[in-house]
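Geometric and topological summary
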Amino acid sequence: MVQQVTPELRRWIVAQSRAGFTPASVLQAMTDAGWDETVALEALEATLQVQLTPQAPGGERVHSPRSDLAEGAVATATSPRLPHPDLRGSPHRVDAGDRIVDVLVTLRRPQLVVFGNLLSAAECEGLIDAARPRMSRSLTVETQTGGEALNADRTSHGMFFRRGEIELVSRLEARIARLLNWPVSHGEGLQVLHYRPGAEYKPHYDYFDPREPGTANITRRGGQRVGTLVMYLNEPERGGGTTFPDVGLEVLPQRGHAVFFAYGQPLPSTQTLHGGAPVLAGDKWVATKWLREREFT
Ligand code: PD2
Ligand code: ZN
């Protein structure tokens, strides 16, 4: 369903809040009325300038606002289109064009899927071999300035392939585009990261913070990031999981597997805070594909 936050909806949210209903109960009324939870949260956060986390299923509700969301307000509602695998009918495997990929775990919030066998062992080796001679200490995008800088929170080494730079990269980009229903043109170049023992990537969001002065410049090319695919190219002996602290999830690296998550808005309510836990033994190689709203040139 296409859902869009209308002025009528905003007025309704403000009225419910003035009537003394808690944001959590207003959220519940909106989801009861058929609103997508992500869209409802974003509308609430934007209208009331609060930050919310959704109630756990079965969570207690003290009292409810009137569920009189104007039909007119609901009818034009839209959620932004996001990269996503087609999981209608709960398939265990999905067709990614040149490869059948396993669906291992799905989560609604954050919107997340763990895939198995997205890459073959030979493809993982091929990416590491092609990346190895070009590795240097990872930089992070500085949203203060729009530039890049060394960051103590990120102790991996990395490099970027240009889109389509080698046949292997093109093949993987086409597979990812088909899997996530998002055009190759909307993806950044593939990044390869190498973590040695002790290296980590502290929890962060992959979207660019709209409040930072450098963000307007960064998003001129392709708009915001809306999704991340982290592909595991090897398996460290211990540690090195990708963690999602808001939901207590850790995805452990296995060669050829991947974790994908999407974020419709650059907001913490997407619960996409994530990090790379310290590698305790062995080393860890990943390839990350970031997806943008629009064509990334
Ligand atoms: O290597 C990871 O597990 C990891 C964790 C958090 C990678 C990224 N973020 C990233 O590339 O954005
Ligand atoms: Zn990240």
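For the structure, see preceding data.
Residues numbered from 1 in each chain as written. Chains lettered and ligands numbered in written order. Predicted model: local features only at pLDDT ≥ 70, side-chain atom pairs only at ≥ 80, totals over all residues. Heavy atoms only, no water.

**Digging into the coordination of the zinc ion (ligand 2)**
- Coordination of the zinc ion (ligand 2) by the protein comes from His204 (NE2), Asp206 (OD) and His274 (NE2), over a distance range of 2.1 to 2.3 Å.
- Positions of the donor residues of the zinc ion (ligand 2), expressed as sequence spacing, correspond to H-x1-D-x67-H. Within this pair, whereas His204 is found in strand E9 (residues 201-204), its partner His274 is found in strand E15 (residues 274-276), the two being separated by 70 residues in sequence. (Donors = N, O, S within 2.8 Å, 3.2 Å for Na, K, Ca; no water. Helix = DSSP H or I, 4+ residues; strand = E, 2+ residues; numbered from the N terminus.)

**Digging into the side chain of Asp206**
- Topologically, Asp206 is positioned in the loop between E9 and helix H7 (215-218).
- Within the local environment of Asp206, its side chain forms a polar contact with the side chain of His204, the two groups lying 3.0 Å apart.
- Polar side-chain contacts of Asp206 include one of 3.1 Å to the side chain of His274.
- When sequence neighbours within four positions are dropped, the list of residues in contact with Asp206 reads Arg225, Thr228, Phe261, Tyr263, His274 and Trp290. (Polar contact = N/O pair within 3.5 Å; in protein donor to acceptor, adjacent residues only side chain to side chain. Contact = heavy atoms within 4.5 Å.)

**Things to note about the packing of aromatic side chains**
- Under the counting rule described, the total for this entry stands at five aromatic pairs.
- An angle of 35° between the planes, with centres 6.3 Å apart, marks the rings of Phe160 and Trp290 as tilted. Residue Phe160 is found in strand E7 (residues 157-160), and its partner Trp290 is found in strand E17 (residues 284-292); the two are separated by 130 residues along the sequence.
- Taking the relative accessible area as the measure of exposure, Phe160 reaches 40% and is therefore partly exposed.
- Judged by its relative accessible area of 4%, Trp290 is buried.
- Between Phe261 and Tyr263 the ring centres are 6.0 Å apart and the planes differ by 40°, which places this aromatic pair in the tilted class. For the pair Phe261 and Tyr263, a shared accessibility class is recorded, and that class is buried.
- A network of ring pairs unites the aromatic residues Tyr205, Tyr207, Phe244, Phe261 and Tyr263 as a single cluster.
- Above the plane of the ring of Trp290 lies Arg225, whose end atom (NZ or CZ) is 3.8 Å from the centre. (Phe/Tyr/Trp six-rings, centres within 6.5 Å; stacked < 30°, edge-to-face > 60°. Buried < 20%, exposed > 50% of the residue type's maximum accessible area, 1.4 Å probe, protein only. Lys NZ or Arg CZ within 6 Å of the ring centre and 35° of its normal.)

That's the geometry; what it means functionally is another story.
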